[in-house]
Amino acid sequence: MLSRLGVLDWIRIGLLALGLLFVATGLLPLSAAAESLAEIGPLLVFLVGIIVLAELTKEAQVFDAIAARMAVLGRGNYAALFILCTVFASFITIFLNLDTTAVLLTPVMLALAPRARIAALPLAMTTIWFANTASLLLPVSNLTNLLAMDEIGLSPVAFAARMWAPQLVAILVTMAFLWAFFWRRGERRDLRYTPPVLEPVGDRVLFGAASAGCLLFIVALLARVEVGVAAAAAALLVVIAFAVRDRARLTWNLVPWQLLIFVTGLFLVVPTLSRYGLADLMNGLLGADRDPYRTAAVGAGLSNAINNLPAYKVVEEVIPAGDRDQLLALLVGTNVGPVVTPWASLATLLWFESCRRHGVRVPMLRFLLTGAGLAVVGLVTTTWALVTFG
C-alpha cells in the first residue's frame with residue numbers, strides 16, 4: 001500500500017501530520033482547530049459526493065458519449081469543434097467542479113484525439129485552462145468558492161449574479177489564447193479532422209441513471225439546496241444504480257481520500273501560521289488601500305507559488321469579515337490566475353499526471369509562457385468586469 005503512494009500523496013499526508021502536530025503542541029489551540037474543522041465539514045461532504053458522482057458518471061460512459069457526439073457534430077470543422085469543446089469543458093467545470101474537468105474529462109478528450117485524428121495538445125490545454133478559468137460562476141465550481149461562501153454571505157444564485165460578467169470575460173479571454181496558441185491552422189497544421197464512428201454505450205440503464213444524477217445535482221443547485229446535500233443525493237442515486245447493475249465498480253477507490261487529507265491538513269496549518277506572522281506579511285502584500293486589482297494579483301501570485309487553496313486561505317485570513325468585494329477579487333486571482341506553474345492548482349497537478357499516463361508531451365516553456373500571458377490578461381480583464389458590473 002505504502003509503495004503505491006506518490007510524491008503528491010506524501011505531501012498531503014505530511015501536511016495533515018504537520019497540522020496535527022501543531023494541535024498536539026498547542027501552537028494551534030484545540031478550540032481553534034475544532035472551529036476550523038467545523039468550517040470544512042460541509043465542504044468534505046460535497047467533495048466526496050461530487051467526486052463519486054463524477055467518477056461513476058465517467059464509468060457509465062456519459063462523458064465519452066458526449067465527447068464523441070461533439071466531435072461528430074463538428075463535422076470535421078476545427079472552429080466548430082473548438083466552440084463545442086469550450087462549451088463542454090466550461091459546463092463541466094461550472095456545474096461539476098474543476099477537478100472533475102481535470103481528472104475525468106482530460107482522459108476522455110485525450111482518448112478522442114486518436115479516434116478523430118486530432119492533435120492531443122489543443123484538447124488537453126482546453127481542458128486544463130477552462131478547468132481553472134471557468135470556475136468562477138458557482139460556489140461548486142471551485143473549492144476556493146466554497147471556502148469563501150460563509151464570509152461572502154451570498155446564496156448560489158446571488159453569487160452567480162455577481163460573477164456572471166467576470167466569468168464570461170474569463171472564458172472569452174481563454175478562448176482567444178487557446179485559438180491563438182494551440183487551435184489555429186498554423187499551430188494544428190491540419191485543415192480538417194475525421195469525425196469518429198459512434199459506439200453504443202455499454203449499459204443504457206447506468207447511462208440513464210448517471211445522466212439523471214448529474215441533472216438532479218444541477219436542478220438542486222438552482223433550487224438553492226445546500227451543495228453538500230445536493231451532491232450526496234445525486235451520488236446516492238448513481239451508487240444505487242451501480243449496486244444493482246455493476247456492483248464490482250463500487251470500490252473504496254471512489255472516495256477522494258487524497259483531497260480529504262489535503263483540505264483537512266490545510267485548515268490546520270494555515271490558521272497556525274497566521275497566528276505567527278503570516279497575517280502581517282499578507283497585510284503588507286495587500287496594501288492599505290485594498291485595491292481589487294492588487295488583491296487579485298496577490299491571489300494569483302501566491303497561487304502560482306504555493307497552490308491556490310492555501311493561497312486563498314492565507315489571504316482570506318486578513319480580509320475583514322463581510323468585505324465582499326475584496327473576497328470576490330481574491331477569488332478572481334486564485335481561480336483565473338493559477339495557469340502558469342504546474343503546481344498552481346490541484347487540478348493542474350492531476351492534469352499533468354493524466355497527460356503523462358496518456359503519453360502526451362506538454363512543452364514546459366510553452367506552457368509557462370502562454371499561461372503567464374493568459375494569467376496577466378485574464379486577471380486584468382476579469383477584475384475589470386468584476387468592478388464594472390459588480
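Going by an unreviewed UniProt entry, the chain carries the name SLC13 family permease and comes from Nonomuraea corallina. Turning to the chain, the UniProt record has this under Subcellular location (unreviewed entry): "Cell membrane".

Asks: In this structure, what is going on with the UniProt feature "transmembrane region" (unreviewed entry) in the chain? I would like to understand it.
Replies: The UniProt record annotates "transmembrane region" (unreviewed entry) at residues 78-98, 118-140, 164-183, 204-223, 229-245, 257-278, 327-352 and 364-387. The span residues 118-140 carries 61% helix and 0% strand; its end-to-end C-alpha distance comes to 31 Å.

Asks: Looking at this structure, I do not really get helix H8 (residues 156-183). What am I missing?
Replies: Residues spaced three or four apart along an α-helix face the same direction, because each turn holds 3.6 residues. Along its 28 residues, H8 runs just 34 Å from first to last C-alpha, ending more than 12% under the 40 Å computed at 1.5 Å per residue. Of all the bends in H8, the greatest, near 50 degrees, is centred on Met163, and the proline Pro166 appears no more than four residues after it.

Asks: What exactly am I supposed to notice about the packing of helix H4 (residues 78-96) against helix H10 (residues 204-222) here?
Replies: Geometry of a packed helix pair, given as the angle between the helix axes and the separation of the axes. Two elements in contact, H4 and H10, have axes separated by 10 Å at closest approach and are oriented at 65 degrees. On H10, the residues that touch Phe91, Phe95 and Leu96 of H4 are Cys214, Phe217, Ile218 and Leu221. Looking at the contact of H4 with H10 residue by residue, the classes come out as 7 nonpolar, no polar and no charged.

Asks: What exactly am I supposed to notice about unusual backbone geometry here?
Replies: Of all residues except glycine, most have a negative phi; of all peptide bonds, most are trans. Phi angles above zero are rare outside glycine, and Gln61 is one such case at about 70 degrees. As for its placement among the helices and strands, Gln61 is situated in the loop between helix H2 (30-59) and helix H3 (62-74). Phi is positive for Arg290, which is not a glycine, with a value near 50 degrees. By secondary structure assignment, the location of Arg290 is in the loop between helix H12 (257-286) and helix H13 (292-306). For Arg290, a relative accessible area of 22% translates into the label partly exposed.

Asks: Please explain the environment of Ala24 as it appears in this structure.
Replies: For Ala24, the position within the fold is in helix H1 (residues 7-24). C-alpha of Ala24 to C-alpha of Leu206: the two residues are 182 residues apart in sequence and 47 Å apart in space.

Asks: Even after reading the chapter, I still don't get the packing of aromatic side chains, so can you show me in this structure?
Replies: How two aromatic rings sit relative to each other is given by the distance of their centres and the angle of their planes. Counted by the stated rule, this structure contains 12 aromatic pairs. Between Phe82 and Trp179, the aromatic rings sit 5.3 Å apart at their centres with planes inclined by 55 degrees, giving tilted as the arrangement. Here Phe82 is found in helix H4, whereas its partner Trp179 is found in helix H8, with 97 residues between them in sequence. Judged by its relative accessible area of 5%, Phe82 falls in the buried class. Taking the centre distance of 4.8 Å and the plane angle of 45 degrees together, the rings of Phe91 and Phe95 count as tilted. Taken together, the positions of Phe91 and Phe95, both in helix H4 and 4 residues apart, correspond to about one turn of that helix. You can call Phe95 buried: its relative accessible area is 16%. Clustering of aromatic rings is evident, with ring pairs tying together Tyr78, Phe82, Trp179, Trp183 and Tyr193.

Rules used in this analysis
- Residues numbered from 1 in each chain as written.
- Predicted model: local features only at pLDDT ≥ 70, side-chain atom pairs only at ≥ 80, totals over all residues.
- Heavy atoms only, no water.
- UniProt positions renumbered as here; feature names shortened; annotations may be inferred.
- Helix = DSSP H or I, 4+ residues; strand = E, 2+ residues; numbered from the N terminus.
- Expected span 1.5 Å × (residues − 1).
- Bend = angle between axes of the 7 residues up to and from the residue.
- Axes fitted to C-alpha atoms, helices over the stretch in contact; angles between N-to-C directions.
- Contact = heavy atoms within 4.5 Å.
- Nonpolar A, V, L, I, M, F, W, Y, C, P; charged D, E, K, R; others polar.
- Buried < 20%, exposed > 50% of the residue type's maximum accessible area, 1.4 Å probe, protein only.
- Phe/Tyr/Trp six-rings, centres within 6.5 Å; stacked < 30°, edge-to-face > 60°.

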